[in-house]
Structure formats: C-alpha cells, structure tokens
Amino acid sequence: MRPVTPSALGDALARVASLPLAPYPTPVQSLGRLSAAIGGGPRLFIKRDDAIAFGFGGNKVRKLEFVAARAQAEGADTLITAGAVQSNHARVTAAVGAKLGMRAVLIVNGIAGPQATANALLDALLGADIVYVGAREERAPKMREIADRLRREGRRPFEIPIGASTPLGALGFVQAMVELLDGMAAPDVIVHSTSSGGTQAGLVAACRLLGLPTRVVGISADDPAASMHERVRAIVAGIPEWLDVDPEALRRGTAIEIDDQFVGHGYGVPTDASREALELAARTEAIFLDPTYTAKAMAGLIAYVRQQRFAERQTVLFWHTGGQVGLFA
C-alpha cells in the first residue's frame, strides 16, 4: 500500500471541521547549547507547542480545535471534562469554553487550596465551574452524573474524555506532523511526553500514513508502558473513519514506543533527573519545561543521548507539549 503525500493528508484533514484557535506553525529551534552541555551526540531540535498563542498553549489546543468544533456542530452549550487540580487539559477546555461562549464544567481530583494558583487560578479566571472529587477513579462517573443532570435541565452538554485523547482529538497531531514537514525534513526520532495517548497516537498515525521512518518515543508521565501502549493503539485504530483512509494503512509502520522508566515515584512527583532536565533547558536554552510532563520527557531524551542510544548522524526532535504554567503551582 503506497503512503499518502503530506499535501493529500493535509487535504483530508481540511475536510474535518476544526476551529482556528491559534496561528501556526509553532517554531522549531536548534538545541545546540543543551546538546553541548550533555556531551554532544545527535543534532537536537525542539518543536515549541509551548508557544501556541491560545490559553497559555500546549498540546491540548491542537486536539481541542477538532473536538470543540464537533461540540459546536452538535449544538452543545456546555463542555465537560476532567483532570487533576493542575490539569493543562482542563485549563485549555475552560479557555475554549470562554472563547465559544459555552459553559465549562471541570471535574478535578485533588483538594482545593486556600488560594488558587497556576492552572487552577486560570480555570477560575476563565469562569469554569469546578467540581472536586477525591480520586482519579471518581472523575468519569461524576462527569456522566453531571452530564445527565444537565440534560434533564434542558442543557446540551458535550463530554470530553481526559486529554481530549480520542481519534478525533488525535487528528490535531496528524495535522501537526504535516505542519512539521512543511518546515523541515522528517526527523529520525521524535521524543515527547505521553500520558492520555492522543498526542502519540496522532504522531504515530501520521508517520504510518506518510510512510516515514521516524521513531516516535513517548516518555510516560504516569502509567505503565503496557497499558499506555493499548491506549495509543486503540486511538490510532479509530482515526481512519475521520480521514476516510484504509484501516490497513494504519496497522503497520512506525512502532508505538513508550518508556515508563522516568516516572519515578508517580504522576507529578519530580525526580532528580527531571529536576536536572528542567534546569538544563532553562539555563542553556531559556526554555521552560513543566515538572509533571515535559521535564520527565526531557530527562528521558538526555539519558538516551548520554547512553549513546542515538547515532551522531541522527536528527532528534523534542516535541514540547507545554504545561509551563505548572511551574507556578
């Protein structure tokens, strides 16, 4: 089966409704000083989705451009989603709700502090309704409960799974890969933070459809690799119906690679390696990472370089998925 061209894939994506929330492309920059600081090796670059100019940016903006367009098309008046107290996804959902004139209801696990900070502060500024639950397992049932109640009240809620990590949301990163190729040759490796799976699914799907040899290495922020692999695989499998492509085209090619060795003691808990990565990125490149996701992903990239797991001739791209607001939590 012959791969599609970036142009043809771009045309297929253009047929799916999406919202123009931010201008693209985001910058791609060399990481020469960081590379020198960690001993050289492959050519390092960074894709700056932290610089997306909507709602403090990050990868969730790309996903919600597609998902929120669907909500709008269905006549929704309320967006409901879930996450942790400092969820980047919840913050961007609240921003989308404000932009579209929709109510946003955020189900968050954690404890409300005496004073809201970082993403929680932005959620409040954006006018979101925030509902607290005690544990991650309580979020999905509470979302369904509130959605059912709103429907009985005559509202039109639209439920968005955590991270907007659905096949529709993943189209944001199929599109992002087409965007990347418009400005540079396909990198040998992409390294990024992976959690709910939609970002990785979109990148893997794009590489498979385009026939690229690029490796996509997801550094887990929380869950074991095995469960995350199944999550990403399921999202990839749902993409063909949105793009009207042969499902066989997405069953082979770029592997789903997930490394869960950098999680440490758990989600949102910094490690020595992630603290070093966060400081190195700031002090060598003036780039800010976040403690929960991108610092651990960068720790993975640094370890791979130091262990000489990449060849010097290779080009390695770190995809910055945002989240720097978390520095102020």
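Residues numbered from 1 in each chain as written. Predicted model: local features only at pLDDT ≥ 70, side-chain atom pairs only at ≥ 80, totals over all residues. Heavy atoms only, no water.

1. A word on the overall build of the chain
To keep it simple, the criterion reads: Helix and strand definitions follow DSSP, with helices as H or I runs of at least four residues and strands as E runs of at least two, each counted in order from the N terminus. Each radius of gyration is computed over the set of C-alpha atoms, and the globule rule expresses the reference value as 2.2 Å times the number of residues to the power 0.38. Each residue is placed in one exposure class: buried if its accessible area under a 1.4 Å probe, protein chains only, is under 20% of its type's maximum, exposed if it is over 50%, and partly exposed if it falls in between. Every residue pair with non-hydrogen atoms within 4.5 Å of one another is taken to be in contact. Here the Shrake-Rupley method, with its probe set to 1.4 Å, supplies the accessible areas, and only the displayed protein chains count as covering residues. In this tally Asp and Glu are treated as negative and Lys and Arg as positive; neither His nor the chain ends contributes. To locate a charge, the coordinates of NZ of Lys, CZ of Arg, CG of Asp or CD of Glu are taken.
Helix and strand counts for the chain come out as 12 helices and 10 strands. In terms of C-alpha radius of gyration, the chain reaches 19 Å, essentially the compact-globule figure of 20 Å for 329 residues. Looking at the 329 residues of the chain, the share that counts as buried comes to 56%. Contacts spanning at least 24 positions in sequence make up 81% of the contacts within the chain whose residues lie at least 6 apart. With an accessible surface of roughly 13,900 Å², the chain has 52% of that area assigned to carbon and sulfur atoms. For the chain, the separation between the mean place of its 34 positive charges and that of its 33 negative charges on side chains is 1 Å.

2. A look at the environment of Ile219
By secondary structure assignment, the location of Ile219 is in strand β8 (residues 215-220). The spatial distance from the C-alpha of Ile219 to the C-alpha of Leu301 is 8.7 Å, given a sequence separation of 82 residues. Among all residues touching Ile219, those that are not within four sequence positions of it are Val191, His192, Ser193, Thr194, Asp259, Phe262, Lys296, Ala297 and Gly300.

3. Details of the side chain of Arg91
Put simply, the rule reads: The rule for a salt bridge is simple: a side-chain nitrogen of Lys or Arg has to be within 4 Å of a carboxyl oxygen of Asp or Glu.
You can see Arg91 is positioned in helix α4 (residues 88-100). Although Arg91 is buried, it makes no salt bridge; Asp123 carries the closest opposite charge, 6.2 Å away. Every residue in contact with Arg91, bar those within four places of it in the chain, is listed here: Gly55, Phe56, Gly57, Asn119, Leu122, Asp123, Leu126, Gly323 and Val325.

4. Focus on the sheet that holds strand β1 (residues 28-30)
Counted only if it meets this: Any two strands are treated as partners once DSSP identifies two or more bridges connecting them. Note on geometry: axes are C-alpha line fits, over the in-contact stretch for helices, and angles between N-to-C directions span 0 to 180 degrees.
The strand order across the open sheet formed by six strands is β1-β2-β10-β7-β8-β9, and the pairing between neighbours is mixed. Edge positions in the sheet fall to β1 and β9 (257-259), since each of these pairs with one other strand and no more. Averaged over all pairs of adjacent strands, the angle between strand axes in this sheet comes to 25°, irrespective of strand direction. Sheet topology places β8 next to β9; three bridges connect them, and they run parallel. Of the residues in β9, the one forming a bridge with Ile219 is Asp259. With respect to the sheet, helix α9 (residues 225-237) is in contact with β7 (189-194), β8 and β9, its orientation differing from that of β9 by roughly 150°.

5. Thoughts on the sheet that holds strand β4 (residues 103-109)
Within the open sheet, the four strands sit side by side as β5-β4-β3-β6. Their pairing is parallel. In this open sheet, the two strands that pair with only one neighbour each are β5 (129-133) and β6 (157-159). Shown here is a sheet whose adjacent strand axes are inclined to one another by a mean of 25°, direction ignored. Note: strand β3 (residues 78-84) against β4, seven bridges, orientation parallel.

6. Overview of the nonpolar core
Let me state the cut-off plainly: What we call a nonpolar core is a set of buried Ala, Val, Leu, Ile, Met, Phe, Trp, Tyr and Cys residues that are connected through their side-chain atoms within 4.5 Å.
Among the nonpolar cores identified, the biggest contains 60 residues, and Leu171, Val174, Met177, Leu243 and Trp319 are the most heavily contacted of them. With 10 residues, helix α7 (residues 167-181) is the single largest residue contributor to this core. In this structure, Val174 is in contact with Leu9, Leu13, Gly202, Ala205, Ala206, Ile239 and Leu243, ignoring residues within four places of it in sequence. The next biggest cluster of nonpolar side chains, apart from the first, holds 27 residues, and it includes Val217, Phe262, Leu280 and Ala295.

7. So, helix α5 (residues 118-125)
Looking at α5, one finds that the buried residues are Ala118, Asn119, Ala120, Leu122 and Asp123. As for α5, its buried residues are in contact with α4, β4 and β5. In the segment just after α5, Gly127 is the residue with positive phi, at about 85°.

8. Re the packing of aromatic side chains
Threshold: Any Phe, Tyr or Trp ring, taking Trp's six-membered ring, that has another such ring centre within 6.5 Å forms a pair; planes under 30 degrees apart are called stacked, those over 60 apart edge-to-face, and the others tilted. Whether a charge sits over a ring depends on NZ of Lys or CZ of Arg being within 6 Å of the ring centre and within 35 degrees of the ring normal.
Applying the stated criterion to the full structure yields three aromatic pairs. Here Tyr267 and Tyr293 contribute two aromatic rings whose centre-to-centre distance is 5.8 Å and whose plane-to-plane angle is 75°, an arrangement assigned as edge-to-face. On the criterion of sequence distance, the pair formed by Tyr267 in the loop between β9 and α11 (272-285) and Tyr293 in the loop between α11 and α12 (294-306) is long-range, its members being 26 residues apart. It is Arg62 that lies over the ring of Phe173; its NZ or CZ is 5.8 Å from the centre. It is Arg309 that lies over the ring of Tyr304; its NZ or CZ is 3.8 Å from the centre.

9. Focus: the layout of surface pockets
Rules: The rule is simple: put a 1 Å grid over the protein atoms alone, call a set of points where a 1.4 Å probe fits but cannot get out a cavity, call an open set with protein on both sides within 12 Å along at least five of seven lines a pocket, and count a residue as lining if it has an atom within 4 Å of a point. Grid points are joined across faces, edges and corners, and a volume is the space filled by probe spheres set on the points. For this scheme, ten residues count as nonpolar: Ala, Val, Leu, Ile, Met, Phe, Trp, Tyr, Cys and Pro. Four count as charged, namely Asp, Glu, Lys and Arg, and the remainder, Gly too, count as polar.
Here the largest pocket is characterised by a volume of approximately 420 Å³. Considering the residues around the largest pocket, the lining is formed by 28 residues, among which Ile162, Ser195, Ser196, Asp222 and Tyr293 are closest to the centre. Taken together, the elements giving at least two residues each to the lining of the largest pocket come down to α3 (59-73), β3, α4, β7 and α8 (198-210). Its residues assigned to classes, the lining of the largest pocket comprises five nonpolar, 16 polar and seven charged.

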